[in-house]
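Structural overview for review
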Amino acid sequence: MPSYVTTEYMTTGYVTTGYVTTDGVARDDRFDHWAQEMSHVFGGLDTRPVAAGAFHGSATCDALGQLLLGSISAGPLRVRRTERLTARSEDDHYKVALQVAGTCVVEQDGAQGSLGPGDLAICDTTRPYAFRYDTAFRTVLMLVPRAMLPVRPEAVRGLTARRLTGESGVAAVVGPFLRSLGEQARTCAGPAAAGLADGAASLMTALVSERLDRAAPAEPGHAMMLRIRAHIDSRLPDPGLTPDSIAEAHGISRRYLFKLFAAEDQTVAGWIRTRRLERCARDLASPAAVRQPIGMIAARWGLLDGRHFSRVFKTAYGRTPRDFRRQALAGQDPHGRIGAEADG
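What counts and how
Residues numbered from 1 in each chain as written. Predicted model: local features only at pLDDT ≥ 70, side-chain atom pairs only at ≥ 80, totals over all residues. Heavy atoms only, no water. Core = buried A, V, L, I, M, F, W, Y, C linked by side-chain atoms within 4.5 Å. Buried < 20%, exposed > 50% of the residue type's maximum accessible area, 1.4 Å probe, protein only. Helix = DSSP H or I, 4+ residues; strand = E, 2+ residues; numbered from the N terminus. Contact = heavy atoms within 4.5 Å. Pairing = 2+ DSSP bridges. Axes fitted to C-alpha atoms, helices over the stretch in contact; angles between N-to-C directions. pLDDT = per-residue confidence, 0-100. Phe/Tyr/Trp six-rings, centres within 6.5 Å; stacked < 30°, edge-to-face > 60°. Parallel < 35°, antiparallel > 145°, perpendicular 65-115°, else oblique. Nonpolar A, V, L, I, M, F, W, Y, C, P; charged D, E, K, R; others polar.

1. Quick look at the nonpolar core
- By size, the foremost hydrophobic cluster in this structure holds 33 residues, and its most contacted members are Leu120, Met142, Leu178, Met204, Leu207 and Val208.
- Secondary structure elements with two or more residues in this core: β5 (67-74), β7 (93-101), β10 (120-124), β12 (137-145), α3 (153-156), α4 (171-184) and α5 (190-215).
- Among the elements that take part in this core, α5 stands out by supplying 7 residues, more than any other.
- When near neighbours in sequence (up to four residues on either side) are disregarded, methionine 204 contacts Val96, Ile122, Met142, Leu149 and Val174.
- Residues Val20, Leu45, Ala59 and Ala121 belong to the second largest nonpolar core, which totals 31 residues.

2. A look at the sheet that holds strand β8 (residues 104-108)
- Taken in spatial order, the 5 strands make up an open sheet running β3-β6-β11-β8-β9, and their pairing is antiparallel. Only two strands of the sheet have a single partner each, and these edge strands are β3 (46-49) and β9 (111-115). Within this sheet the neighbouring strands show an average axis-to-axis angle of 15°, counted without direction.
- The sheet contact formed by β8 and strand β11 (residues 129-133) spans 3 bridges and is antiparallel. Paired with glutamate 107 across the bridge in β11 is alanine 130.
- Relative to β3, helix α1 (residues 30-42) is tilted by about 155°, and along the sheet it contacts β3 and β6 (77-81).

3. Quick look at the environment of glycine 195
- Tracing the sequence through the fold places glycine 195 in helix α5.
- With 131 residues separating them along the chain, glycine 195 and leucine 64 place their C-alpha atoms 9.9 Å apart.

4. Some words on the confidence of the model for the chain
- Within the chain, residue pLDDT values average 84, and 87% of them lie at 70 or more.
- Considering only residues more than four positions removed or in separate chains, one finds that residues 1-15, a stretch of pLDDT under 50, has 57 contacts.
- The model gives residues 333-344 a pLDDT under 50, and that stretch makes 37 contacts with residues more than four places away or in other chains.

5. Remarks on the pairing of β11
- Of all the 5 residues making up β11, 4 are buried; the element is thus mostly covered by neighbouring parts of the structure.
- Of the pairings in the sheet, the one linking β6 to β11 comprises 5 bridges and is antiparallel in character. Residue pairing for β11: arginine 80 is matched across the bridge by alanine 130.

6. Topic: the packing of aromatic side chains
- Counted by the stated rule, this structure contains 9 aromatic pairs.
- Taking the centre distance of 4.8 Å and the plane angle of 75° together, the rings of phenylalanine 31 and phenylalanine 55 count as edge-to-face. Separated by 24 residues along the polypeptide, phenylalanine 31 in helix α1 and phenylalanine 55 in the loop between β3 and β4 (57-64) bring together distant segments of the chain.
- Take phenylalanine 31: its relative accessible area is 12%, and that puts it in the buried class.
- Taking the centre distance of 5.4 Å and the plane angle of 65° together, the rings of tyrosine 317 and phenylalanine 324 count as edge-to-face.
- Put simply, the rings of Tyr129, Phe131, Tyr133 and Phe137 pair up and form one aromatic cluster.

7. Re the packing of helix α9 (residues 268-284) against helix α11 (residues 306-317)
- Contact geometry for α9 and α11: axes closest at 11 Å, N-to-C directions at 90°. Taken together, α9 and α11 sit at an angle that is classed as roughly perpendicular. Judged by residue contacts, Arg273, Leu277, Glu278, Cys280, Ala281 and Leu284 of α9 engage Phe309, Val312, Phe313, Ala316 and Tyr317 from α11.
- Class assignment of the residues belonging to the contact of α9 with α11 gives a composition of 9 nonpolar, no polar and 2 charged.

Next comes the structure, spelled out in structure tokens:
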């Protein structure tokens, strides 16, 4: 296929932006060009046309910290993540879709949801899924690392490929936020971009939590665990965040707190440490924080002992904080994907 200058990438602060379009591409090559570029950006996708005639598509794809946002307008098509493509990938994300215009049918694990404007759906990229658009459409897609949502993947599985109406509840907030974020992400940089990424993950956590509460309101300890995890995330910078302080804030005993976490094969201290290390890793990989000492970043997230931080970080990520930062900044992906090794 001929080479066309139809995709451009730029990096500013904490945001990498890619522009993909079929403008200027020969009519017969447009769909192949589109499928190749979008699979490159989002990784491992099988894209096919569902209507005859000339195809047109355009997209702006923004890597906002650990998130990937895609604002897409295109003609009718089908996108699948097959068993084979899933097996080839180490991808570990949730794909959140906001239907802006047109309609879509999303499928995963035997479930199917029909989306209209304003509706949302979630898919897990570790398993096959499909999106079908029978008419011209507009959508906003967001890839969120599963680790950013403090909810068990087994629980989220009950929500995938379901229509989440945007008429009320948390979805009525998430929809406009995603649409605005897709339009404005490229104008943000530095700490503001990192904050927006955290905000998007927090809203998705709230949406998933709300839907799980509706589906199983009587599940013992479920609502309490959601409140405890939100409490922990909001207080990660506090070195005084301990099991005692958490139990007291929620009016429960230490023993019951430990029991709640044990039911999910976790410990309180381990969960706090994991969430703090995730925040540190995010900041270490951010060009906006490149001049900040590693010790300052660790202390900002409640890890005051430099030697202890270096040791637990290496255990979790396989590299010292210094090596992680150097490799992350040297490996900034110019093509808009989440990290240099992402595939989907």
